[in-house]
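Understanding the architecture of this molecule
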Amino acid sequence: MNFIEEDITNIISDELRVDLENNANVVKANLDYLKDLGIENYKEVFKTYYPVFLMDPSNFQAIFNKYDIADLIDKIKKNVAIIEYL
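Here goes a summary of the coordinates provided.

Next up on the list: the packing of aromatic side chains. One pass over the full model with this rule turns up six aromatic pairs. With a centroid separation of 6.2 Å and an interplanar angle of 55 degrees, the aromatic rings of Tyr33 and Phe64 are classed as tilted. Of this pair, Tyr33 sits in helix H3 (residues 24–37) while Phe64 sits in helix H5 (residues 57–65), placing them 31 residues apart in sequence. Phe64 matches Tyr33 in its accessibility class, with the two residues each being buried.

Put into structure tokens, the structure is as follows:
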């Protein structure tokens, strides 16, 4: 998770940074899930909605599994803000 350390170190609170570090396996599982789905801009999704990545992986996946994956990938690629409405 090098990009996490490099890209968000300065934009999150110390408390959230500790949460991310303490839950690194959960965060990694959720990031891997997005990558495996084919969401190419997963870094942008993470930077914008990083607290969501602290969710239990099964709950995290359930958010995305409700939708047609191809359509969802296209919408997220065009506008990351769509995550807010899932």
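As a further point, take the nonpolar core. With 22 residues, the main nonpolar core has Leu34, Val45, Phe46, Phe53, Phe64, Ile76 and Ile83 as its most contacted residues. Those elements giving two or more residues to this core turn out to be helix H2 (14–22), H3, helix H4 (42–49), H5 and helix H6 (69–78). For this core, the element with the highest residue contribution is H3, accounting for five residues. The contacts of Phe64, once residues within four sequence positions are left out, are Tyr33, Leu34, Leu37, Ile69, Leu72, Ile76, Ile83 and Leu86.

Another aspect to go through is the pattern of salt bridges. Applying the stated criterion across every chain yields a total of five salt bridges. With its nearest N and O atoms 3.5 Å apart, the salt bridge here joins Asp32 to Lys35. One end of the pair, Asp32, and the other, Lys35, are both in helix H3, three residues apart, so they sit about a helical turn from each other. Given a relative accessible area of 24%, Asp32 falls into the partly exposed group. Lys35 sits in the partly exposed class, given a relative accessible area of 38%.

This brings us to the side chain of Asn30. Along the chain, Asn30 falls in helix H3. A distance of 3.0 Å separates a polar side-chain atom of Asn30 from the backbone oxygen of Met55. The contact partners of Asn30, leaving out residues within four places of it in the chain, are Val52, Phe53, Met55, Pro57 and Phe60.

Conventions we followed
- Residues numbered from 1 in each chain as written.
- Predicted model: local features only at pLDDT ≥ 70, side-chain atom pairs only at ≥ 80, totals over all residues.
- Heavy atoms only, no water.
- Phe/Tyr/Trp six-rings, centres within 6.5 Å; stacked < 30°, edge-to-face > 60°.
- Helix = DSSP H or I, 4+ residues; strand = E, 2+ residues; numbered from the N terminus.
- Buried < 20%, exposed > 50% of the residue type's maximum accessible area, 1.4 Å probe, protein only.
- Core = buried A, V, L, I, M, F, W, Y, C linked by side-chain atoms within 4.5 Å.
- Contact = heavy atoms within 4.5 Å.
- Salt bridge = Lys/Arg side-chain N within 4 Å of Asp/Glu carboxyl O.
- Polar contact = N/O pair within 3.5 Å; in protein donor to acceptor, adjacent residues only side chain to side chain.

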